[in-house]
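This is what each chain is made of:
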Amino acid sequence: MKLQHTLMALAASTAFSHAVSIAINFAENDANQGFAGGANIGPTGINSSNWNNTINRSSGSLATGTQNNLIDDTGAATTADLSWSSSNVYYNADGTANDERKLAVGYLDDGAPGVSITVTDIPYSKYVVLGLLASDQAGGSTYITRDFLVNGVNVLGGTATAYNGVLTSWNATGNNWNPVTTSTTGNYWTSAEQTSSTLTITGLPRNGDERGSITGLIIQEVPVPEPSSTALLGLGGLALILRRRKG
């Protein structure tokens with residue numbers, strides 16, 4: 001009986017591998033949008049010292065950028081590489097008073113042909129993607145965001161009402177970041193679980209007042225049980241079976 005209780009207690013205390021993430025900030029102006037560091041920002045509260053800022057870019061018919069060996073939320077370099085293109089980089093009214101506002105103020109603009117983002121060699125076997133939204137549309141507090149394709153699949157299932165940035169989100173709800181759906185106003189979406197080591201995100205070009213701009217990304221690992229913990233769960237199940245048979 002004591003062995004059975006011990007096995008069940010060990011199984012109940014299953015340890016999971018530490019979930020990590022890669023955070024990307026699409027900046028518009030390097031001079032005033034560099035993070036001071038030390039602040040937990042974004043919908044998952046990642047230290048602003050450990051965001052990847054898109055400071056290497058070129059402008060022409062498209063604004064483009066690449067960045068290799070993206071760091072994760074602990075500051076460690078990963079195998080992941082980023083490339084992106086958009087018609088332009090632009091900004092809204094969030095300003096640069098703190099790192100949270102700097103995260104939301106600059107974004108990839110949505111003129112034709114739309115936003116294109118690719119991240120290769122992602123080191124996580126399973127992950128979800130958070131797409132952070134911002135716009136300067138009409139100077140209002142909200143705008144209509146178009147859908148985004150994540151590895152070829154729509155994440156919203158249609159257009160949705162989004163806050164222009166963190167200031168309007170805070171004024172409306174008391175939170176800088178709120179999840180958005182086709183029926184709920186917010187400023188970030190979350191994808192379904194992904195397993196490909198390559199991530200592609202496509203934003204549709206602007207359609208009148210409907211926008212397809214994006215201000216940041218978070219690639220968040222989905223944690224899996226450690227092998228030893230899985231074995232403990234199996235032992236716990238075996239103990240339960242033995243108990244039932246004796247009963």
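Before any of the text, the structure's been laid out above.
Since the model is a prediction, treat every value here as computed from it, not as a measurement.

Engineer: Explain the packing of aromatic side chains to me, and be specific about the residues and the numbers.
Structural biologist: Under the counting rule described, the total for this entry stands at 5 aromatic pairs. Seen in terms of ring centroids, Y90 and Y91 are 4.7 Å apart; in terms of plane orientation they differ by 25 degrees. Their pairing is stacked. The class of Y91 is partly exposed, set by a relative accessible area of 39%. Here a set of aromatic residues connected by ring pairs shows up, and it is made of Y90, Y91 and Y107.

Engineer: Tell me about the sheet that holds strand β12 (residues 142-145), and please be specific about residues and values.
Structural biologist: The strand order across the open sheet built from 3 strands is β15-β12-β18, with neighbouring strands paired in mixed fashion. Two strands in the sheet have a free side with no partner beyond their single neighbour: β15 (160-163) and β18 (210-211). The pairing of β12 with β18 spans 2 bridges and is parallel. Each residue of the ladder has a partner; that of T145, found in β18, is R211.

Engineer: Before we move on, can you summarise the pattern of salt bridges with the specific residues and values?
Structural biologist: The final tally for this structure, using the stated rule, is 5 salt bridges. The shortest N-O distance in the salt bridge between R211 and D109 comes to 2.9 Å. Highlighted residues: R211 in strand β18 and D109 in the loop between β9 (106-108) and β10 (115-120), separated in sequence by 102 residues. Classification of R211 by relative accessible area gives buried; the value is 2%. Among the residues examined, D109 registers a relative accessible area of 12% and is labelled buried. The structure contains a network of salt bridges with shared partners spanning D109, D110, D136 and R211.

Engineer: Quick one: what's the story with the side chain of S85, residue by residue and with numbers?
Structural biologist: With respect to the element layout, S85 can be found in strand β7 (residues 81-86). For S85, the contacting residues outside a window of four places in its chain are L62, A63, T64, G114, V115 and S116.

What counts, and where the lines are drawn
- Residues numbered from 1 in each chain as written.
- Predicted model: local features only at pLDDT ≥ 70, side-chain atom pairs only at ≥ 80, totals over all residues.
- Heavy atoms only, no water.
- Phe/Tyr/Trp six-rings, centres within 6.5 Å; stacked < 30°, edge-to-face > 60°.
- Buried < 20%, exposed > 50% of the residue type's maximum accessible area, 1.4 Å probe, protein only.
- Pairing = 2+ DSSP bridges.
- Helix = DSSP H or I, 4+ residues; strand = E, 2+ residues; numbered from the N terminus.
- Salt bridge = Lys/Arg side-chain N within 4 Å of Asp/Glu carboxyl O.
- Contact = heavy atoms within 4.5 Å.

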